[in-house]
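# Geometric and topological summary
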Amino acid sequence: MNRWILPVVILLAAACSSKQSASTDPVVRGERAFNGLGCVKCHVIGDSGHNWGPDLTMLGFRKSAVWIDQWLKNPHEWNPKTVMPNFNLDDAARADLVAYLSAQKGQAWKEKPWKTAAAAALPAAERGKIVFNSVGCVTCHAKDGYGGYPNNNVAGGLIPSLSKVTEGYSKHELLEKIKAGAVPIPVSSSQPKPLLEMPKWGGQLDDSEINAVVEYLWSLAPKKKGGKPAADDF
Ligand code: HEC
Ligand code: HEC
């Protein structure tokens, strides 16, 4: 009757010791992989890492797990011009990273980068630029909203540029647009839906934060030569 006890004890001991080296929680394993693979050399999450590539603190809010998985499988297949290296991750390592990255919804910030005393002292447009880059508008609309980043199954194959939004929107309309988000219309009903959507920022950013982004986008508008001067020429 007691002959099962020893093997069971050995199995339990083995399970406990292996738990210390490989966690059963994919989010924990993903965090270790993120640090171990050197992702932190180019990316920031919360207060740690380096800002060479995009800030990933809100990645899990702006991008779906399906997109993150596809990106990590082969960044160049999604964007041939990207400088992000292909890590040739195996399925298990990729699944752990996707779990960790999808869980990043801004909670890693102890203090949001646009809420520091230094940022609070800046003009709204400059504070808005910090919001734009930190929450990751820049990862879809590119630096200064210049555009050129791909999306699947949309007209032109690209996410819209924001450099001329002053022509189509009032400041108030722009605020409402950013709060509400948008689902792109697919070009073909037989192809997969566009993987990147304009997120609903209303639940994440308050009106004063979005207004700062609006001021930033306004500051990017091309200055009109001749004719009617742009408002900020005064
Ligand atoms: C040499 C620098 C570098 C390293 C190392 C690196 N990345 Fe990147 N990564 C980038 C750059 C730059 C981009 C932005 C894409 C672009 O514009 O080319 C990016 C984009 C991303 C994105 C998409 C972000 C978004 O919101 O669109 C994810 C996710 C990502 N990297 C995850 C990782 C992970 C996970 C690792 C480690 C396995 C890693 N990166 C290592 C430079 C790097
Ligand atoms: C995950 C990718 C993604 C992120 C992140 C993102 N957007 Fe967008 N955005 C889109 C897409 C896609 C569209 C086009 C939606 C459509 O087709 O209606 C869009 C549309 C817009 C538009 C309307 C443009 C026009 O020409 O009418 C504005 C303004 C905008 N985004 C601002 C922002 C701001 C500000 C942020 C950050 C707070 C942001 N976006 C973050 C994907 C994104």
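The structure this text deals with has already been given above.
In this report, we go over the structure that sits alongside the text. (Residues numbered from 1 in each chain as written. Chains lettered and ligands numbered in written order. Predicted model: local features only at pLDDT ≥ 70, side-chain atom pairs only at ≥ 80, totals over all residues. Heavy atoms only, no water.)

A few words on the overall build of the chain. Within the chain one finds twelve helices and two strands. Here the chain holds 234 residues, and the buried ones make up 35% of them. Intrachain contacts of the chain at a sequence separation of at least 6 include 57% that bridge at least 24 residues. Carbon and sulfur atoms make up 60% of the accessible area of the chain, which totals about 14100 Å². (Helix = DSSP H or I, 4+ residues; strand = E, 2+ residues; numbered from the N terminus. Buried < 20%, exposed > 50% of the residue type's maximum accessible area, 1.4 Å probe, protein only. Contact = heavy atoms within 4.5 Å. Areas by Shrake-Rupley, 256 points an atom, 1.4 Å probe, with all protein chains shown as cover.)

Around the iron atom of ligand 1, the donor atoms from the protein are His-43 (NE2) and Met-84 (SD), and they sit 2.0 Å away. Every donor counted, the six donor atoms about the iron atom of ligand 1 form angles of 89 to 179 degrees at the centre, which fits octahedral coordination. Here His-43, found in the loop between helix 2 (26–36) and strand 1 (44–45), pairs with Met-84, found in the loop between helix 5 (75–78) and helix 6 (91–102); they are 41 residues apart in sequence, far enough to count as distant. In this structure, His-43 and Met-84 share a single accessibility class: buried. (Donors = N, O, S within 2.8 Å, 3.2 Å for Na, K, Ca; no water. Tetrahedral: all angles 85-135°; square planar, octahedral: opposite > 155°, others 65-115°.)

To continue, consider the site of ligand 1. The local shell around ligand 1 holds 24 residues, among which Cys-39, Cys-42, His-43, Thr-82 and Met-84 are the closest. With respect to ligand 1, the backbone of Val-83 contributes an N or O atom lying 3.3 Å from an oxygen atom. Take Thr-139: an N or O atom from its side chain is 3.4 Å from an oxygen atom of ligand 1. Top contributing element to the shell around ligand 1 by residue count: helix 4 (residues 65–73), with three residues. A per-class count over the shell around ligand 1 returns 17 nonpolar, five polar and two charged. (Near = heavy atom within 4 Å. Polar contact = N/O pair within 3.5 Å; in protein donor to acceptor, adjacent residues only side chain to side chain. Nonpolar A, V, L, I, M, F, W, Y, C, P; charged D, E, K, R; others polar.)

Time to look at the nonpolar core. Grouped together as the largest cluster of nonpolar side chains are 21 residues, with contacts concentrated most on Phe-132, Val-135, Leu-174, Ile-178, Leu-205, Val-214 and Leu-217. Among the secondary structure elements, those contributing two or more residues to this core are helix 8 (124–135), helix 11 (171–180) and helix 12 (207–219). In terms of residues, this core owes the most to one element, helix 12, which gives six residues. Setting aside anything within four residues of it in sequence, one finds Val-214 in contact with Lys-171, Leu-174, Leu-175 and Ile-178. Residues Leu-59, Leu-89, Tyr-100 and Cys-140 belong to the second largest nonpolar core, which totals 20 residues. (Core = buried A, V, L, I, M, F, W, Y, C linked by side-chain atoms within 4.5 Å.)

Let us look at the site of ligand 2. Every one of the 22 residues lining ligand 2 counts as a neighbour, but Cys-137, Cys-140, His-141, Tyr-169 and Met-198 are closest to it. Here Tyr-169 contributes a side-chain N or O atom positioned 2.5 Å from an oxygen atom of ligand 2. With three residues, the single largest contributor to the shell around ligand 2 is helix 11.

Looking at the iron atom of ligand 2, the protein donor atoms are His-141 (NE2) and Met-198 (SD), and they sit 2.0 to 2.2 Å from it. Geometry at the iron atom of ligand 2 is octahedral, judged from the six donor atoms that bind it and their angles of 85 to 179 degrees at the metal. Taken together, the residues His-141 in helix 9 (residues 138–141) and Met-198 in the loop between helix 11 and helix 12 connect sequence positions 57 residues apart.

Further remarks concern helix 6. With twelve residues, helix 6 should reach 16 Å at 1.5 Å per residue; the first-to-last C-alpha distance of 16 Å fits that figure. Arg-94, Asp-96, Leu-97, Val-98, Tyr-100, Leu-101 and Ser-102 are the residues of helix 6 that are buried. Against the buried residues of helix 6 lie helix 2, strand 1, helix 3 (59–62) and helix 4. (Expected span 1.5 Å × (residues − 1).)

Structurally, Trp-71 can be placed in helix 4. Trp-71 sits 27 residues away from Val-98 along the chain, and the two C-alpha atoms are 10.0 Å apart.

The next point concerns the packing of aromatic side chains. On inspection of all chains with the given rule, the structure shows six aromatic pairs. On the basis of an interplanar angle of 65 degrees and a centroid distance of 4.9 Å, the ring pair of Phe-61 and Trp-201 is categorised as edge-to-face. Here Phe-61, found in helix 3, pairs with Trp-201, found in the loop between helix 11 and helix 12; they are 140 residues apart in sequence, far enough to count as distant. Among the aromatic residues, ring-to-ring pairing joins Trp-67, Trp-71 and Trp-78 into one connected group. When the ring centre of Trp-67 is taken as origin, the NZ or CZ atom of Lys-63, which lies over that ring, is 4.4 Å away. (Phe/Tyr/Trp six-rings, centres within 6.5 Å; stacked < 30°, edge-to-face > 60°. Lys NZ or Arg CZ within 6 Å of the ring centre and 35° of its normal.)

So, about unusual backbone geometry. We note that Asn-88 has phi near 45 degrees; this positive angle belongs to a residue other than glycine. With respect to the element layout, Asn-88 can be found in the loop between helix 5 and helix 6. The residue Asp-144 is not glycine, and still its phi comes out positive at about 50 degrees. Tracing the chain through its elements places Asp-144 in the loop between helix 9 and helix 10 (165–168). For Asp-144, a relative accessible area of 25% translates into the label partly exposed.

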